[in-house]
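Survey of secondary and tertiary structure
Chain residues, written in single-letter form:
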Amino acid sequence: MLPLPWDRELLGHGGAKLHCVTWVHGPVLALAVLLFSACSNVTSYGVPTRTALVSSPGGTAVAIFATREPTMGHELGIVEARGTLSDISVEVLFPELVRRVQELGGNALVLDQTDARFEQVTMWSSYQEMIPCGSRGFCTAWQVVPTTHEEMFVVLRGRAWWLPPEVP
Amino acid sequence: MRSVGWALAAAMMAGCGHTETHRVWFQEPPEPPLGRSTGAELYLGVMPSRPFVEHGLVQAIGYGEDAREKAVLEALRKEGTRQGCDAVVKVRFAQGLTAAHAVGVCVRWSPADKPR
């Protein structure tokens, strides 16, 4: 006889405690998947190291210095943008870094580091299993197993910079 | 049963690999490479001695069989050439188990320094 949905725990043949399926598992899992898929894979921050004397308005053009430091102006803070999974392209990460520069009141970005690193990430996944139980029935059991996979993180790091207006 | 599944997956993965490229421009993309016979140069450790102008970032990511330094750097060089970069400088390469990544700064030689 198949277990009823509210029969939470049964003892299997080996004496192991089995968790049988309940009606709530499906919707909860679906909701969790939906929440995870809606999350952005980009994180960023800007840390001020010096107060901007003249704050540049949002949307100000930001000059980029990717291979050298400007000879004028001064540093305002450190900025970083990192992405993983589907958000590892420079098209996604670079505008985020520029936005952080603008937030700190900068009008230039000194790009110090563009790099990637790889991490082993362990996630717990569950699957359903039919196991003989009782005289001629089957129990549905949830097995939870760890799965490890590699994730790539792309990191752009730099400094927000304030450049004085050009003298004509 | 599980080992058969892994073997099947491994057999399906064999021979699979691809690279993808991305680019972003600091201001304007470089002019199209008209009439140039050589590809973009890659500078991994040193900077070029001739003056240049920065144009943007180019990025290449290799997966599966293309998760190798050679495949990814070649993809980066091709992307740089396609986009009109004279060179890709400050190239950084990272190797993982299932993917490889390279990124660098697309530059054009300063007009006064162009070979005639």
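What comes next is a walk through the structure.

Criteria and thresholds
Residues numbered from 1 in each chain as written. Chains lettered and ligands numbered in written order. Predicted model: local features only at pLDDT ≥ 70, side-chain atom pairs only at ≥ 80, totals over all residues. Heavy atoms only, no water. Helix = DSSP H or I, 4+ residues; strand = E, 2+ residues; numbered from the N terminus. Polar contact = N/O pair within 3.5 Å; in protein donor to acceptor, adjacent residues only side chain to side chain. Contact = heavy atoms within 4.5 Å. Pairing = 2+ DSSP bridges. Axes fitted to C-alpha atoms, helices over the stretch in contact; angles between N-to-C directions. Buried < 20%, exposed > 50% of the residue type's maximum accessible area, 1.4 Å probe, protein only. Expected span 1.5 Å × (residues − 1). Disulfide = S-S within 2.5 Å. Buried area = accessible area lost by both parts, 1.4 Å probe. Salt bridge = Lys/Arg side-chain N within 4 Å of Asp/Glu carboxyl O.

**Remarks on the side chain of Asp-87 of chain A**
All names here are of chain A. With respect to the element layout, Asp-87 can be found in the loop between strand E5 (74-84) and helix H2 (90-103). Reaching out from Asp-87, the side chain makes a polar contact with the backbone nitrogen of Asn-41 at a distance of 3.3 Å. Among all residues touching Asp-87, those that are not within four sequence positions of it are Ser-40, Asn-41, Val-42, Val-92 and Leu-93.

**Some points on the sheet that holds strand E3 (residues 42-48) of chain A**
All names here are of chain A. Taken in spatial order, the five strands of this open sheet run E3-E5-E7-E6-E4, and their pairing is mixed. The open sheet has two edge strands with one neighbour each: E3 and strand E4 (63-65). Ignoring strand direction, the axes of neighbouring strands in this sheet form an average angle of 30°.

**Some words on the pairing of strand E5 (residues 99-109) of chain B**
Residues and elements named next belong to chain B. Taken across its 11 residues, E5 has 11 buried, putting it largely inside the fold. Sheet analysis places strand E3 (residues 52-64) next to E5, joined by 11 bridges and oriented antiparallel. Each bridged residue has a counterpart across the sheet, and for Leu-57 the counterpart in E5 is Val-105. Pairing of strand E4 (residues 87-95) with E5 involves seven bridges; the strand directions are antiparallel. Bridging from a neighbouring strand, Gln-95 pairs with Ala-100 of E5.

**Focus: H2 of chain A**
Helix length check: H2 of chain A, at 14 residues, gives a terminal C-alpha distance of 20 Å against a target of 20 Å (1.5 Å per residue), a fit within 8%. Looking only at H2 of chain A, the buried set comprises Val-90, Leu-93, Phe-94, Glu-96, Leu-97, Val-98, Arg-100, Val-101 and Gln-102 of chain A.

**Digging into the environment of Val-46 of chain B**
Residue and element names in this part refer to chain B. Turning to its location among the elements, Val-46 is positioned in the loop between strand E2 (41-42) and E3. Val-46 sits in the exposed class, given a relative accessible area of 58%. C-alpha of Val-46 to C-alpha of Val-91: the two residues are 45 residues apart in sequence and 9.4 Å apart in space.

**Thoughts on the state of the cysteines**
Considering all chains together, one arrives at two disulfides over all chains under this definition. Each sulfur in the disulfide pair Cys-133 of chain A and Cys-139 of chain A lies 2.0 Å from the other. Taking the sign of the torsion about the S-S bond as the criterion, the disulfide between Cys-133 of chain A and Cys-139 of chain A, at about 60°, is right-handed. According to the relative accessible area criterion, Cys-133 of chain A is buried, its value standing at 11%. Note on cysteine connectivity: Cys-85 of chain B is disulfide-linked to Cys-106 of chain B, with sulfurs 2.2 Å apart. In this structure the cystine formed by Cys-85 of chain B and Cys-106 of chain B twists about its S-S bond by roughly -110°; its chirality is therefore left-handed.

**Brief notes about the interface of chain A and chain B**
Contact residues are listed per partner, giving 21 residues for chain A and 25 residues for chain B. For the pair chain A and chain B, the two sides together bury roughly 2000 Å², of which 60% comes from carbon and sulfur. Counting the contacts that link chain A with chain B gives two salt bridges. Here Arg-92 of chain B and Asp-115 of chain A are joined by a salt bridge, their closest N and O atoms 2.6 Å apart. Inspection of the chain A/chain B interface yields 10 residue pairs in polar contact (both at pLDDT 80 or more).

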